[in-house]
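Structural features, examined
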Amino acid sequence: MSDLSVDPIEHELTPQPPHSTGGAKVEIITSRDVPLGGLRSMRVKRTIPQRQRSLIGAWCFVDHYGPDDVAETGGMDVAPHPHTGLQTVSWLFQGRIMHHDSADHHAVVRPGEANFMTAGKGISHSETSTQDTKVLHGVQLWVALPEEDRHMLPRFENYAPEPVKFDGGEALVFIGSLLGESSPISMFTPLVGAQIIVDAGAEVALDVDPTFEHGVLLDTGTIELEGVAVSRSQLAYTGVGEETLTIKNTGEDAARMLLIGGEPFKESIVMWWNFIGRSHEEVAKAREEWQARSERFGYVEGYIGHDPKGMDWIPAPNMPNVRITARKNPGPIARPDMRIG
Ligand code: MN
């Protein structure tokens, strides 16, 4: 996916006071509607990054979309565009997406399978919902890469986790470890990511890593996280120090959600358009190289857009006139008073 909102975002981590454990505090992060671009401009619900909170572990971007009638929205049609310094993660509930990238990876993204594209020093890719997709419903996430890995060669990994059943539901663990299951997907900082289904009326206490901060993105159903009601497309955040997270399904249907988490990311990052770097200059250089169609971002073979008159690549927006300055990410402690609505 390509980020059309070009607000400059930098993160600076500040030291935080010690936290208390038990009875996790919950901070609700509400999504905002963002057009994704494409034929009729499909819209997504973005929870991070935003001013309230920019990262959860190394997770730095969460877009939730659908279920969308593709006949109405045009589906997904994102022409070749670049990335640096991050991993993109596609997770679908319904529909299929065709992925092509400049490192010659060509994959159909299917529900229940994680597809991780590690951009490293630079890659470009396209994403289109397939011709036979009638309904498109899923999540796109990004993971920031740490200094020692962010210049690596691009990589693409696919993993279809086996469901792990527990009393009150089941999970698909696509990165890291949870419920005794571990994913083989490459991690560059400690992370967890899983789809979780909680049965109607069930209450589950998930054991989690207390060195991680976590976010629960609700897809369908009605839940409370630690007694706090979470609405659809909201990201319910809990800080470090928690050993269990209690999720209660308060509705009459099964509830589906994504749990993401990780060790608080220690580096300040500059995030602009589809690039993550460490300085304004670095991002400006990546932009120039993309505009010049330099070898750094290669060439995407196989992209066929839905619109025959559409672009065959996405030019970068202009850089802001001002120098991209740091934006602080709050410490890894939930602030229930940040709650909106
Ligand atoms: Mn992308």
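The notes below deal with the structure included here. Everything quoted here is computed from the prediction, not taken from an experiment. (Residues numbered from 1 in each chain as written. Predicted model: local features only at pLDDT ≥ 70, side-chain atom pairs only at ≥ 80, totals over all residues. Heavy atoms only, no water.)

1. A word on the overall build of the protein
The following threshold applies: Under the scheme used here, helices are H or I runs from DSSP no shorter than 4 residues and strands are E runs no shorter than 2 residues, and both carry numbers assigned from the N terminus. Working definition: with a 1.4 Å probe on protein chains only, accessible area under 20% of the residue-type maximum means buried, over 50% means exposed, and in between means partly exposed. Only the protein chains shown count as covering a residue, and every accessible area follows the Shrake-Rupley method with a 1.4 Å probe. When charges are counted, Lys and Arg contribute as positive and Asp and Glu as negative, whereas His and the chain ends are disregarded. Taken as the charge location is NZ of Lys, CZ of Arg, CG of Asp or CD of Glu.
Looking only at helices and strands, the protein has two helices and 29 strands in total. The principal-axis extents of the C-alpha atoms in the protein amount to approximately 55 × 45 × 35 Å. The burial tally for the protein puts 57% of its 341 residues in the buried class. Approximately 13,900 Å² of the protein is accessible, and the part contributed by carbon and sulfur atoms is 49%. A gap of 6 Å separates the mean positions of the 30 positive and 47 negative side-chain charges of the protein.

2. Some remarks on the sheet that holds strand β15 (residues 164-166)
How we decide: Here, any two strands with at least 2 DSSP bridges between them count as paired. Every axis corresponds to a line fitted to the C-alpha atoms, with the helix fit spanning only the stretch in contact, and the corresponding angles, defined between N-to-C directions, vary from 0 to 180 degrees.
With respect to topology, seven strands assemble into an open sheet ordered β3-β24-β21-β26-β19-β16-β15, the strand pairing being antiparallel. Only two strands of the sheet have a single partner each, and these edge strands are β3 (27-29) and β15. Mean inter-strand twist for the sheet, computed between neighbouring axes without regard to direction, equals 25 degrees.

3. Let's talk about the pattern of salt bridges
Here is the rule we go by: Each salt bridge in this description consists of a side-chain nitrogen of Lys or Arg and a carboxyl oxygen of Asp or Glu lying within 4 Å of one another.
For the coordinates displayed, the defined rule picks out 16 salt bridges. In this structure, Arg46 and Asp63 form a salt bridge, with 2.6 Å as the shortest nitrogen-oxygen distance. Pair noted here: Arg46 is in strand β5 (residues 43-48) and Asp63 is in strand β6 (residues 59-69), with a separation of 17 residues, a long-range link. The burial state of Arg46 is the same as that of Asp63; both residues are buried. Put simply, Glu147, Arg150, Glu267, Arg278 and Glu282 are held in one network by salt bridges that share partners.

4. Digging into the pairing of strand β20 (residues 203-207)
Side chains Val204 and Leu206 of β20 all project onto a buried face; the interleaved residues Glu203, Ala205 and Asp207 project onto a face where none is buried. Bridge analysis of β20 against strand β25 (residues 244-249) gives five bridges, and the strand direction is antiparallel. Counted as the bridge partner of Asp207 is Thr244 from β25.

5. A closer look at the sheet that holds strand β23 (residues 228-230)
Judged by pairing direction, the sheet is antiparallel, and its four strands sit side by side in the order β20-β25-β22-β23 without closing on themselves. Edge positions in the sheet fall to β20 and β23, since each of these pairs with one other strand and no more. Looking at each pair of strands side by side, their axes are set apart by 30 degrees on average, direction ignored. Pairing of strand β22 (residues 223-225) with β25, which is carried by three bridges, proceeds in the antiparallel orientation. Of the residues in β25, the one forming a bridge with Ile223 is Asn249.

6. Overview of unusual backbone geometry
Here the residue pair Ile48 and Pro49 is connected by a cis peptide bond, since its omega of 0 degrees sits within 30 degrees of zero. Counting through the fold element by element, Pro49 comes out in the loop between β5 and β6. Cis peptide bonds are those with omega within 30 degrees of zero, and the linkage from Gly66 to Pro67 qualifies with 5 degrees. With respect to the helices and strands, Pro67 occurs in strand β6. Even without a glycine there, the phi angle at Glu226 is positive, about 50 degrees. Here Glu226 shows up in the loop between β22 and β23. A relative accessible area of 23% means that Glu226 is categorised as partly exposed.

7. What about the nonpolar core?
A general trend in soluble globular proteins is that nonpolar side chains are found buried together. Worth spelling out the cut-off: Take the buried residues of types Ala, Val, Leu, Ile, Met, Phe, Trp, Tyr and Cys, join any two whose side-chain atoms come within 4.5 Å, and each joined set is a nonpolar core. In what follows, a contact means two residues having at least one pair of non-hydrogen atoms within 4.5 Å.
Among the nonpolar cores identified, the biggest contains 36 residues, and Trp59, Val62, Leu141, Phe174 and Leu258 are the most heavily contacted of them. Contributions of two or more residues to this core are made by β6, β8 (86-94), β11 (114-118), β13 (135-144), β16 (169-175), β24 (235-238) and β26 (255-262). Per-element tally for this core: the top contributor is β13, with five residues. Contact partners of Leu258, with chain neighbours within four places excluded, come to Trp91, Phe93, Val139, Leu141, Phe174, Ala194, Gln195, Gly215, Val216 and Leu217. Ala194, Ile223, Val230 and Leu259 belong to the second-largest nonpolar core, a separate cluster that totals 29 residues.

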